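# Chains, contacts and geometry: an overview
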Amino acid sequence: MAKKKEKEKTYKGEMTKYQAKRFLNPKSKRFWLTAAAPLLMVSGPLTEDHTVDSYSADTAEIDQTMTESMDKYVAEYLASTAVQDVYNEQVYQDRYDGDVSPELEAERNMQAAESRALRSVISNYMFDDDRMTEQQFAGYESILDQFDLGLVDANVEPYALKECKVAFNQEGSYWDRADVKECMTLDNDRDWSDVTLFGFLGTISSLFLAMMMILAGTDMRKTPKPRRKDFAPKSN
């Protein structure tokens, strides 16, 4: 049986193998930098600062125009949610009896959409309008809480609003606002969900690296760097 012809070596192929061995060599710096990558991935969530170190009472003057608008929207929101509760009860009762009319379901959905729109307007005023004072923030939140409609958790410190908006460069987006709410709890605990996520990704990276080492073989001894001239076509 004829011996299988050995595949001709090329400069690019040998250089690729050379770089792979350098990359996976435990004695090289690049190997340990790569192995340390999972630890670097969790360093961010572990050291991230979620709140402000201090805050002071707000002394800003109340803006009458903004206050009148806010009072109107809060009143409309409370009334809208009360009507929505009536619709919800009617739909629940009809389902219990066996049938819900499409008209009633449509009216209930329209009322829910109106309530959500009003809540969004109120939230924009409270978090994004610079005229909203921290005293007013606390007052409006207290009113909404009485009807279980509050915008923030009970442990939020309203007098940290201005400082947290500055700390997180508040621009009105959902995620920025979420950061501000978290900051206002004055709870600087680590976000363990992020730590867990990045730790998981780091573990996957480590397993991938170990698999690459197995596939590359165990011979990690120093390999001479290929020279281009060694692969030049031989002259006749």
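So, a few notes on the structure that sits alongside this text.

Thresholds, definitions, all that
- Residues numbered from 1 in each chain as written.
- Predicted model: local features only at pLDDT ≥ 70, side-chain atom pairs only at ≥ 80, totals over all residues.
- Heavy atoms only, no water.
- Helix = DSSP H or I, 4+ residues; strand = E, 2+ residues; numbered from the N terminus.
- Expected span 1.5 Å × (residues − 1).
- Buried < 20%, exposed > 50% of the residue type's maximum accessible area, 1.4 Å probe, protein only.
- Contact = heavy atoms within 4.5 Å.
- Polar contact = N/O pair within 3.5 Å; in protein donor to acceptor, adjacent residues only side chain to side chain.
- Disulfide = S-S within 2.5 Å.
- Axes fitted to C-alpha atoms, helices over the stretch in contact; angles between N-to-C directions.
- Parallel < 35°, antiparallel > 145°, perpendicular 65-115°, else oblique.
- Left-handed = near helix turned anticlockwise from the far one by under 90°.
- Nonpolar A, V, L, I, M, F, W, Y, C, P; charged D, E, K, R; others polar.
- Salt bridge = Lys/Arg side-chain N within 4 Å of Asp/Glu carboxyl O.

Another point: helix α4 (residues 64-97). Under the 1.5 Å per step criterion, the end-to-end length of α4 is 50 Å for 34 residues, consistent within 8% with the ideal 50 Å. Within α4, the full set of buried residues consists of Met66, Thr67, Met70, Val74, Tyr77, Leu78, Ser80, Thr81, Gln84, Tyr87 and Val91. Looking at the buried residues of α4, the elements they touch are α5 (102-128) and α6 (134-146). Where α4 begins, the side chain of Asp63 points an oxygen toward the backbone nitrogen of Thr65, at a separation of 3.1 Å. Note on α4: the residue one or two positions beyond its end, Gly98, has a positive phi of about 120°.

Attention shifts here to the environment of Leu149. Among the secondary structure elements, Leu149 is positioned in the loop between α6 and α7 (161-167). In sequence terms Leu149 and Arg119 are 30 residues apart; their C-alpha atoms lie 9.0 Å from each other. Those residues in contact with Leu149 that sit more than four places away from it in its chain are Tyr77, Leu78, Thr81, Arg119 and Leu144.

One pass over the structure, following the stated rule, counts 1 disulfide. The partner cysteine of Cys164 in its disulfide is Cys183, sulfur to sulfur 2.1 Å. Disulfide Cys164-Cys183: torsion about the S-S bond near -75°, hence left-handed. Placement of the pair is Cys164 in helix α7 and Cys183 in helix α8 (residues 174-183), with a sequence separation of 19 residues. Take Cys164 and Cys183: they sit in the same class, and that class is buried.

Quick look at the side chain of Thr185 now. As for its placement among the helices and strands, Thr185 is situated in the loop between α8 and α9 (192-216). Apart from the residues within four sequence positions on either side, Thr185 is in contact with Asn155 and Val156.

Our next topic: the packing of α4 against α6. Viewed as axis vectors pointing N to C, α4 and α6 meet at an angle of 15°, and their least axial separation amounts to 11 Å. In terms of axis orientation, α4 runs roughly parallel to α6. For the pair α4 and α6, the sense of crossing is right-handed. Between α4 and α6, the residues in contact are Met66, Thr67, Met70, Asp71, Val74, Tyr77 and Leu78 and Gln136, Tyr140, Ile143 and Leu144, respectively. Here the contact of α4 with α6 is composed, by residue class, of 8 nonpolar, 2 polar and 1 charged.

Moving on: the packing of α4 against α5. Where α4 contacts α5, the two axes come as close as 8 Å, and the packing angle between them is 150°. In terms of axis orientation, α4 runs roughly antiparallel to α5. For the element pair α4 and α5, the recorded crossing hand is left-handed.

It is worth spelling out the pattern of salt bridges at this point. Under the defined criterion, the tally for this structure stands at 6 salt bridges. Between Arg131 and Asp63 there is a salt bridge, and its shortest N-O distance comes to 3.8 Å. Separated by 68 residues along the polypeptide, Arg131 in the loop between α5 and α6 and Asp63 in the loop between α3 (37-47) and α4 bring together distant segments of the chain. By relative accessible area, Arg131 is classed as partly exposed at 34%. The partner of Arg108 in a salt bridge is Glu105, with the nearest N and O atoms 2.5 Å apart. One end of the pair is Arg108 and the other is Glu105, both in helix α5 and 3 residues apart, which spans about a single turn. The residues Arg108 and Glu105 share a single accessibility class, namely buried. Salt bridges sharing common partners tie together Asp63, Asp129 and Arg131.

Any functional reading would require information that these geometric values do not contain.
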